[in-house]
Amino acid sequence: MKNCQGVMSSECREIARNSKSKLLRSEVETLSHCTDTTWLLPCNKRKRREDYTCLYDRISELPDDILVTVLSRLTIKEAARTSILSSRWRYLWKWFNGCLNFDNPLTMGDYNWTLGLGSQPLDVERHRFVSWVNQVLRSLHCHSLEGLRICFDVASNGDIHNWINFAVEKKVQKLDLDFSRVQDFSWPVAEYTFSPHLDSYSSFSSLTALSLNTVAVTGEALEHLLSCCHFLEVLTVIHSPCLTSLKVSGPSLRLKYLKLHLVLLQYVEIDAPNIISFEYSGSGIVFFRDVPNLTEVSFDRFFCTYIMNKLRQLSTILLQLHTLKLNLAFVSVPEAVPYDLPELCNLKHLEMEINLFDDDRLLPCAAFLRACPSLYKFTLKLFRVHPSSGTARTVKDHPYLSVCELSVRVVELVGFEGQRAETEFVMYLIEKAKLLEKIIIDPCIPKYLGTPKELLYRDSEEYHSARKHAIELGARFPLWDFVIP
C-alpha cells in the first residue's frame, strides 16, 4: 500500500478499510455526509503535511458498476458534485440510475410566503425549473431509472410530454407528476393530459408506482394502464376533472395502494384481491367487490355522509379493517352519525377529523370508540374549535355513551386549544379507558403539519397559549403519561 501525506478524518479512514461489499450498504450514507473529501483525490493532488499519512485511493479503483451503485444511493445533485474529485469520477454521475427528484426548493406551499402573488417571479421560476430538468435528463446515459418525480407549477405541455417519453425510455419504476397550481385560488385545473395514446401504455410495463396530481386522465386511460402495468402496486390520482368513473379490476392486478382525491368522480368499482389500502376523497359512490386484503381505509369530506347512512350495508368491509380514518368536517354532526354502530372488532387505529362547533360534536367520536373493542390508538384532529355554548349535550350526559368502557390505550389530540369541550372529552377518556397508557396533545393546527406553516405557527402566541392549557391539563392527572410537543 502506498503512503502519502494529507489530512484524513478517522471516519473516512475507517470506510477506506472496509470491503467492497460493505460500500453498497451503510457506507453510502456516510460517504454523502463526509466533510473531508481529500482522501478521495489522487495522492499527487493532496496537500502534503509531514505529520499525517493517508491511505491509497482504493475507492476509485472499484469497478464502475459499483461506483455507480454508490452514486445512485445519493441525490442527483450530490452525485454530480463528485465529478470534481478527479478525472476518474468526472462522468460517473451521468450513469445515475436511482431516484430523480425535481422538486423546486420553493415548493407549492412556500410561494404565498416568498414570492407573493405577482406572476413575474413565478414565470422566472418556471423557466429555471424547466431548464434544470431538461439539462439533467439530457446528461444521463443510464439504461433504466428507479424513480422520476417532478413537482412544480409547470405550464409547458411540450416539455412534460418529453419528460414522460424519457420515463418510458428509461423504464422508470416510480413516476410522480405533480403540476399543482401555485397562485390559482379557484379549483385546480389540469392543463396537461396524461399520455392520450393508449397504445403507448404498454411501454409503462416496468411501473410499480404512479402518482398524478393536477394531470388530466380519463377512466378509460387508467383502466387500460392498469391492464398493461402488471407490476403496478401504488396508484394515486388527485385533481383530474375528466375522471368521472373508474373500474379497478383485472385478473392479474397487483395493486395494493389506491388513493383517489377526485371531487367530480361519480362512480368507483374496486375488484382487486391484493389491495391493502384505499384512500378516497370525493362525492361519488364506491362499490367494493372482491377486496379480501383491504385493511386500511380513509374516507374524506362528502363521501363520509354516505358512509354514515350506509354503515350497516358496509359492515362486511368495516369488520375486516385494522385502520379507519374519517373526515367528518363536512358531515352534519351529530345528527348524521348513528350511535348504535356495528361492532368493528378488528379495528386497531381510528382517526377522526371534525369541526368542534359545540360540545355535542364529540358524541360521534365516543360512539365509534364504544364500537371498537380491540382499539389501540385513537387520533382526533380538530379542524376548527369554538367556545362551548353550554346548552349542547356532552358525552358525559349521553345515556348511551356514558356507561360504556373503552379499550383504547393511546390517544392523540391534534389542534387542541383548551376549550371546555376538549378538556371534558379528555377527562371522559381517562375515566372510561381503563387501559389508557399515553395521551398526546398537540396544539398545532392539523392542516399545518408537515408544511412550511408548521414552524411559523409553533412560534405564535396562539400556539403557546394552547400549549399552556395542555400542560395545565396534564398536571391535573399526574398518573397518566401526557406527551405535549
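See the structure printed just above.
Since the structure is predicted, the reported quantities are computational estimates derived from the model, not experimental observations.

Caption draft 1: Structural detail: the overall build of the protein. Within the protein one finds 15 helices and 17 strands. Taking all contacts inside the protein whose residues are at least 6 apart in sequence as the whole, residues at least 24 apart take part in 66%. Counting every atom, the protein has about 23,600 Å² of accessible surface; 51% of that belongs to carbon and sulfur.

Caption draft 2: Molecular detail of the pairing of strand S1 (residues 99–103). With burial as the criterion, only one face of S1 is covered, namely that bearing Leu-100 and Phe-102; the residues Cys-99, Asn-101 and Asp-103 on the opposite face remain uncovered. Relative to strand S2 (residues 147–151), S1 runs parallel, the two sharing five bridges. Within S2, the residue paired with Asp-103 across the bridge is Cys-151.

Caption draft 3: Here's a closer look at unusual backbone geometry. Positive phi is not limited to glycine here, since Thr-214 has a value of about 60°. Among the structural elements, Thr-214 can be located in the loop between strand S4 (209–213) and helix H9 (219–228). Phi at His-239 takes a positive value of approximately 55°, unusual for a residue other than glycine. Within the element layout of this structure, His-239 appears in the loop between strand S5 (234–238) and strand S6 (245–249).

Caption draft 4: Structural context of the environment of Phe-204. Along the chain, the position of Phe-204 falls in the loop between strand S3 (174–178) and S4. You can call Phe-204 buried: its relative accessible area is 3%. Considered as a pair, Phe-204 and Ile-164 are 40 residues apart in the sequence and their alpha carbons are 10.0 Å apart.

Caption draft 5: Structural context of the sheet that holds strand S8 (residues 267–271). Pairing in this open sheet of three strands is parallel, and the strands run S6-S8-S10 from one edge to the other. Here the strands that pair on one side only, and so sit at the sheet edges, are S6 and strand S10 (285–288). Strand-to-strand twist in this sheet, taken as the mean axis angle between neighbours without regard to direction, amounts to 10°. Relative to S10, S8 is paired through four bridges, and the arrangement is parallel. Along S10, the bridge assignment pairs Glu-269 with Phe-287.

Caption draft 6: Layout of helix H15 (residues 461–475). Helix length check: H15, at 15 residues, gives a terminal C-alpha distance of 21 Å against a target of 21 Å (1.5 Å per residue), a fit within 8%. Three or more residues of H15 are buried, namely Tyr-463, Ala-466, Ala-470, Leu-473 and Gly-474. Projected down its long axis, H15 shows its buried positions confined to an angular sector of 95°, all on one face. Along H15, exposed side chains directed more than 90 degrees from the buried face belong to Glu-461, Lys-468 and Ala-475. The inward-facing, buried residues of H15 contact helix H13 (420–432), strand S16 (438–442), helix H14 (453–458) and strand S17 (481–483).

Caption draft 7: Looking closely at the pairing of strand S11 (residues 296–300). Burial analysis of S11 places four of its five residues in the buried class, which makes it a mostly covered element. Examined bridge by bridge, strand S9 (residues 277–281) and S11 share five bridges and lie parallel to one another. Paired with Ser-281 across the two strands is Asp-300, which belongs to S11. As paired elements, S11 and strand S12 (residues 323–327) share four bridges and run parallel to each other. Pairing of Glu-296 across the sheet is with Thr-323, part of S12.

Caption draft 8: Geometry of the environment of Pro-373. Structurally, Pro-373 can be placed in the loop between helix H12 (363–370) and strand S14 (377–385). For the pair Pro-373 and Asn-346, spaced 27 residues apart in the sequence, the C-alpha separation amounts to 8.1 Å. Excluding anything up to four places from it in sequence, Pro-373 contacts Glu-343, Leu-344, Cys-345 and Ser-407.

Caption draft 9: Up close: the pattern of salt bridges. Scanning all chains against the criterion turns up 15 salt bridges. One salt bridge in this structure joins Asp-103 and Arg-149, with 2.9 Å as the shortest N-O distance. Taken together, the residues Asp-103 in strand S1 and Arg-149 in strand S2 connect sequence positions 46 residues apart. With relative accessibility at 23%, the residue Asp-103 sits in the partly exposed group. Judged by relative accessible area, which is 27%, Arg-149 ranks as partly exposed. Asp-442 is paired through a salt bridge with Arg-458; the nearest N and O atoms lie 3.0 Å apart. Within this pair, whereas Asp-442 is found in strand S16, its partner Arg-458 is found in helix H14, the two being separated by 16 residues in sequence. Here the residues in one salt-bridge network are Asp-103, Arg-149 and Asp-176, joined through shared partners.

Caption draft 10: Structural detail: the packing of aromatic side chains. Within this structure, the stated rule accounts for 14 aromatic pairs. Between Phe-129 and Trp-132, the ring centres sit 5.8 Å apart and the planes meet at 80°, which makes this aromatic pair edge-to-face. Of this pair, Phe-129 and Trp-132 both sit in helix H7 (residues 119–139), three residues apart, which is roughly one turn of the helix. On the accessibility criterion, Phe-129 (1% relative accessible area) is buried. Judged by relative accessible area, which is 22%, Trp-132 ranks as partly exposed.

Cut-offs used in this document
- Residues numbered from 1 in each chain as written.
- Predicted model: local features only at pLDDT ≥ 70, side-chain atom pairs only at ≥ 80, totals over all residues.
- Heavy atoms only, no water.
- Helix = DSSP H or I, 4+ residues; strand = E, 2+ residues; numbered from the N terminus.
- Contact = heavy atoms within 4.5 Å.
- Areas by Shrake-Rupley, 256 points an atom, 1.4 Å probe, with all protein chains shown as cover.
- Buried < 20%, exposed > 50% of the residue type's maximum accessible area, 1.4 Å probe, protein only.
- Pairing = 2+ DSSP bridges.
- Axes fitted to C-alpha atoms, helices over the stretch in contact; angles between N-to-C directions.
- Expected span 1.5 Å × (residues − 1).
- Arc of directions from axis to C-beta.
- Salt bridge = Lys/Arg side-chain N within 4 Å of Asp/Glu carboxyl O.
- Phe/Tyr/Trp six-rings, centres within 6.5 Å; stacked < 30°, edge-to-face > 60°.

Structural measurements only, silent on function.
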